[in-house]
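Survey of secondary and tertiary structure
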Amino acid sequence: MFAETAAKAQEVRDVTRIERIGAHSHIRGLGLDDAIDPRAVSQGMVGQAKARRAAGVMLEMIKEGKIAGRAVLLAGQPGTGKTAIAMGLAQSLGIDTPFTVISGSEVFSLEMSKTEALTQAFRKSIGVRIQEETEIIEGEVVEIQIDRPVSGAGNKVGKLTLKSTDMETAYDLGQKMIECLSREKIQAGDIITIDKATGKINKLGRSFTRARDYDATGAQTKFVQCPEGELQKRKEVTHTVTLHEIDVMNSRSQGFLALFSGDTGEIKHEVREQINAKVAEWREEGKAQIIPGVLFIDEVHMLDIECFSYLNRALESDLAPILIMASNRGVTKIRGTSHESAHGVPMDLLDRSIIISTTPYDEEDIKRILKIRCEEEDVEMNPDALLVLTKIGVETSLRYAIQLITTANLVCQKRKGTEVTVNDVKRVYTLFLDEIRSSAYLKEYQNHFMFSESEPEVEKEAKPMDTT
Ligand SMILES: Nc1ncnc2c1ncn2[C@@H]1O[C@H](COP(=O)(O)OP(=O)(O)OP(=O)(O)O)[C@@H](O)[C@H]1O
Ligand SMILES: [Mg+2]
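Presented here is an overview of the structure given in this document. (Residues numbered from 1 in each chain as written. Chains lettered and ligands numbered in written order. Predicted model: local features only at pLDDT ≥ 70, side-chain atom pairs only at ≥ 80, totals over all residues. Heavy atoms only, no water.)

1. Overview of the pairing of strand E8 (residues 190–195)
Rules: Using a 1.4 Å probe on the protein chains alone, a residue whose accessible area is under 20% of its type maximum counts as buried, one over 50% counts as exposed, and one in between counts as partly exposed. A run of H or I in DSSP becomes a helix once it reaches four residues, and a run of E becomes a strand once it reaches two; helices and strands are each numbered from the N terminus. Being paired, for any two strands, means DSSP has found at least two bridges between them.
Most of E8 sits out of view: five of its six residues are buried. Note that strand E5 (residues 126–147) and E8 share five bridges and pair antiparallel. By the bridge assignment for E8, Ile137 is matched with Ile194. Between E8 and the antiparallel strand that follows it, strand E9 (residues 201–207), lie five residues; Gly199 among them carries a positive phi value of about 80°.

And the structure:
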């Protein structure tokens with residue numbers, strides 16, 4: 001048991017460590033109160049009040065689960081929190097509501113057609129909640145009796161006696177169940193459930209009648225009542241799967257193992273049609289419920305005109321999720337055409353979308369975000385250093401300032417300091433260039449770059465860089 005908890009704790013720790021590296025790991029929600037008003041600093045979210053409130057309204061709509069096929073475009077300059085808001089929204093949705101994230105450019109790099117990639121993304125964002133009845137045995141353990149074979153080899157057999165308030169029954173145990181019982185450290189006085197189909201044992205707690213055995217119980221022991229009535233019970237369980245998962249499991253060429261590798265290939269149109277029909281049937285019989293989730297397409301301007309026209313049509317089907325897009329482009333060419341449009345998104349899709357715009361942060365907000373990032377990365381930074389970093393954030397960009405937190409902390413660790421000081425920040429500021437200084441440097445030393453590399457191509461390559 002200890003080894004197991006230790007292993008679990010290890011797992012959890014690993015997971016948080018991996019998350020910590022992420023750019024948005026400090027975001028835990030949208031930070032709204034019950035009236036959908038944004039709190040100044042909450043759940044890792046700072047400022048950007050209007051956009052957060054708008055996202056909150058969307059969140060309510062999604063949670064209701066009735067409306068599908070709506071499109072939202074988050075539009076604003078780079079680094080103004082578009083992706084952060086989408087992540088906050090994802091965190092606020094329950095685990096049952098599917099949330100799929102893709103990046104616009106992703107559809108071009110998969111080994112499948114663009115529309116197939118989009119179809120899969122759409123179907124990954126639709127949940128199907130399936131109700132199922134299972135039989136369980138629930139009772140208080142009276143006695144566990146295990147007979148070891150005399151020779152020491154061979155299978156163990158045994159008996160498990162369970163009782164409810166009304167009855168008591170003995171069940172025969174096989175090798176596997178015995179292993180389960182000892183793994184879960186089940187002993188007399190525990191209340192357990194056994195799933196009849198799978199044999200899975202679940203410990204609910206200790207019986208109240210044992211509450212007086214002080215010595216044997218720790219502080220965390222949960223006491224429960226001995227179950228009433230029959231030992232065997234029917235219980236409703238619900239699973240939520242996505243349409244895509246159903247597709248993959250039913251596609252003969254793939255098999256469900258493809259779900260783990262993610263290498264699902266293209267799925268035949270007929271398979272999907274059949275599944276849609278089946279799901280519709282389940283819905284009518286009340287066995288299943290559709291949960292429209294969210295598909296988030298970041299950097300949506302990277303999609304081309306064919307993808308956009310697919311999106312238009314897909315949004316109008318009744319099995320469509322809520323589509324959230326983000327773009328940091330102004331008026332620009334729509335990929336695959338020579339026409340320009342706002343955010344690089346065609347008019348007809350813009351017309352179907354509601355647009356949430358994000359605005360640049362002021363000094364106070366930048367300071368707060370940097371502070372949150374310091375906490376997230378476990379970096380101690382003294383107030384002066386934070387002030388300098390904030391100034392850097394205002395002059396250059398929020399992202400650049402966030403990058404300097406980790407690097408400044410490394411410099412601090414190297415000199416065996418306990419908190420990051422102004423000098424550490426200055427040090428990394430001179431070591432790592434921000435975009436403005438980097439392009440200024442390129443401009444200034446353009447000639448030098450050309451001469452040091454004798455290849456004429458380099459000149460061509462270097463030029464576009466200094467225009468950005
Ligand atoms: N309101 C906010 N509260 C807390 N952190 C934020 C907020 N807005 C942005 N951030 C953080 O600042 C960084 C940059 O924001 P983000 O990546 O969301 O920008 P973006 O608008 O998606 O930019 P781009 O257009 O370049 O993709 C991220 O690490 C993000 O988590
Ligand atoms: Mg982004």
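Read on, since the account is not over.
2. Focus on the environment of Val141
The criterion, for reference: Any two residues whose heavy atoms approach within 4.5 Å are treated as being in contact.
Inspection of the secondary structure assignment puts Val141 in strand E5. Residue classification places Val141 among the buried residues on the basis of a relative accessible area of 0%. Separated by 21 residues in sequence, Val141 and Leu162 have C-alpha atoms that sit 4.7 Å apart. Once you skip the residues sitting within four places of it in the chain, Val141 turns out to touch Leu160, Thr161, Leu162, Ile186, Gln187, Ala188, Gly189, Asp190 and Ile192.

3. Comments concerning the packing of helix H13 (residues 383–395) against helix H15 (residues 422–431)
Threshold: With axes taken as lines fitted to C-alpha atoms, and helix axes fitted only over the stretch in contact, angles between N-to-C directions fall between 0 and 180 degrees. Note on terminology: angles under 35 degrees are roughly parallel, angles over 145 are roughly antiparallel, angles of 65 to 115 are roughly perpendicular, and the others are oblique.
Contact pair H13 / H15: the axes reach a minimum separation of 8 Å and the direction vectors enclose 30°. What the angle tells us is that H13 and H15 run roughly parallel. Contacts from Asp384, Ala385, Val388, Leu389 and Ile392 of H13 reach H15 at Val422, Val425 and Tyr429.

4. Section: the sheet that holds strand E14 (residues 322–327)
In spatial order, the strands read E4-E13-E14-E3-E17; together these five strands make up an open sheet with parallel pairing. Both edges of this open sheet fall to strand E4 (99–103) and strand E17 (353–358), since each of them pairs with a single strand only. On average, each strand axis in the sheet is tilted by 20° relative to the strand beside it, whichever way the strands run. When strand E3 (residues 71–76) meets E14, the two strands line up parallel, connected through five bridges. When the sheet's bridge partners are listed, Leu74 is paired in E14 with Ala326. Sitting on the sheet, helix H2 (residues 49–64) is in contact with E3, strand E13 (294–298), E14 and E17, with an inclination near 145° to E17. Contacts from helix H5 (residues 114–124) reach E4 and E13 within the one sheet, and its direction differs from that of E4 by about 155°.

5. Concerning the pattern of salt bridges
Our working rule: Take a side-chain nitrogen of Lys or Arg and a carboxyl oxygen of Asp or Glu: if they are within 4 Å of each other, that pair is a salt bridge.
For the structure shown, the criterion picks out 22 salt bridges. The salt bridge involving Arg352 is made with Glu316; its shortest N-O contact spans 2.8 Å. One end of the pair, Arg352, is in helix H11 (residues 347–352); the other, Glu316, is in the loop between helix H10 (305–315) and E14, with 36 residues separating them in the sequence. You can call Glu316 exposed: its relative accessible area is 55%. Ionic pairing is found between Lys391 and Glu363, a salt bridge with its closest N-O pair at 2.8 Å. Placement of Lys391 in helix H13 and of Glu363 in helix H12 (residues 363–376) is noted, with a sequence separation of 28 residues between them. Relative accessible area serves as the criterion here: at 38%, Glu363 is assigned to the partly exposed category. What emerges from the salt-bridge pattern is a single network uniting Glu116, Arg123, Asp247 and Arg272.

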